[in-house]
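Below are the chains, spelled out letter by letter.
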Amino acid sequence: MIISWNTTWECHLNCKHCYRDAGAKREDELSTAEGKKLIEEIARAGFKLLILSGGEPLLREDIFELTAWARDLGLRPVFGTTGTTITDHVARQLKEAGAACMGISLDSGAAPLHDEFRRVPGSFDDALRGMEACRAADLLFQVHTTIVEQNYHEFEKITDLAIKMGAAAHHVFFLVPTGRGKNIEEESLREKQYEQLLHRILKKQKEVDIEIKPTCAPQFMRIAAQMDMPMRFTRGCLAGTAYCCILPDGIVHPCPYLPLEVANVRTQPFDRIWKEAEVFQVLRRDELGGKCGECKYKSVCGGCRARAFYYTDKDYMAEDPWCLYRGGAGFGG
């Protein structure tokens, strides 16, 4: 099971697609003591992989302490970061604290478009330097890319750059309009592009040794099955079943892109929330609406619950609107 903790709203970049609308640190963020208590409850709930993200998690002064705490409790701490603050010294500190892998954002194969996404000049070069620092410290890292129409044509180029830099994986995120991402909703991929990119991703996966994984695009499991391509994953959308997210102030969401408040870890222990919360119980019943409920790939895909929420009247169990599959007549067969 996987969990994300957005450790802070603070970030020195101003990314136009930021799902947390990050920028300034807020006074109500969990303290070090609250963070340690939360990590204990996460371990007690049976989670194994803890994603520390933000904002920019490396701006938290206690981030190395929290990382070591998670490691000592048997969790595998990994990061979602811009990579721009990772110096040689920081990379060594992360390695010593027990960080298992750094997920570094890269939204283009060249500086101009990446820096336009991040809205801070020099972000591309800083991210590459962060990767080089990880490699020098023998700290595993992977590349994270959010794909919209603007960089749709660049996917393969970015994968090739990730390989050149020494990345262990390339995770491709499909935009869900949350946070500042709502402002560029018109740039999100629609049905045909969405499906075509998934085919391109799986085709590229056959050509390279590193893992390429689509995120917020659970239909990749259906397409992999259609292509008779084995996958190590068991299901596309994990929201509320094997995954959830905790905001900097302790509010629990089923996933980072599904802004549905489940509870707050300041008022209830997280392990109890995970076990008993009604929203999670509904998601685990898997009673999906529309074409998702009738689909023969329902158990391995599940449709994107966040996208269903956004494009309906907040019905997170509705059908995923960007899926072309109609019981046998999807794009590509």
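Cut-offs applied
Residues numbered from 1 in each chain as written. Predicted model: local features only at pLDDT ≥ 70, side-chain atom pairs only at ≥ 80, totals over all residues. Heavy atoms only, no water. Core = buried A, V, L, I, M, F, W, Y, C linked by side-chain atoms within 4.5 Å. Buried < 20%, exposed > 50% of the residue type's maximum accessible area, 1.4 Å probe, protein only. Helix = DSSP H or I, 4+ residues; strand = E, 2+ residues; numbered from the N terminus. Contact = heavy atoms within 4.5 Å. Phe/Tyr/Trp six-rings, centres within 6.5 Å; stacked < 30°, edge-to-face > 60°. Lys NZ or Arg CZ within 6 Å of the ring centre and 35° of its normal.

Before we move on, can you summarise the nonpolar core with the specific residues and values?
Of all hydrophobic cores here, the largest spans 92 residues; its most connected members are Met102, Phe174 and Phe270. For this core, the element with the highest residue contribution is helix H5 (residues 123-136), accounting for six residues. What phenylalanine 270 contacts, discounting residues up to four positions off in sequence, is Ile3, Leu38, Glu41, Ile42, Ala45, Phe47, Cys244, Ile246, Val252 and Val265.

Tell me about the packing of aromatic side chains, and name the residues and values.
The description of an aromatic ring pair rests on the distance of the ring centres and on the angle between the ring planes. Taken as a whole and assessed by the stated rule, the structure comprises ten aromatic pairs. With centroids separated by 5.7 Å and ring planes inclined at 55°, the aromatic side chains of phenylalanine 47 and phenylalanine 270 adopt a geometry described as tilted. Placement of the pair is phenylalanine 47 in the loop between helix H1 (32-44) and strand S2 (49-53) and phenylalanine 270 in helix H9 (residues 270-276), with a sequence separation of 223 residues. Each member of the pair, phenylalanine 47 as well as phenylalanine 270, carries the same accessibility label: buried. Between tyrosine 311 and tryptophan 322, the aromatic rings sit 4.9 Å apart at their centres with planes inclined by 55°, giving tilted as the arrangement. Remark: tryptophan 322 occurs in the segment after helix H12 (305-311) and tyrosine 311 occurs in helix H12; sequence separation between them is eleven residues. The exposure class assigned to tryptophan 322 is buried, which follows from its relative accessible area of 10%. Taken together through their ring pairs, the aromatic side chains of Phe47, Phe270, Trp274 and Phe280 make up a single cluster. In this structure, arginine 26 is placed above the aromatic ring of tryptophan 9, and the distance from its NZ or CZ to the ring centre is 3.9 Å. Between the NZ or CZ atom of lysine 213 and the centre of the ring of phenylalanine 233, over which it lies, the distance is 5.4 Å.

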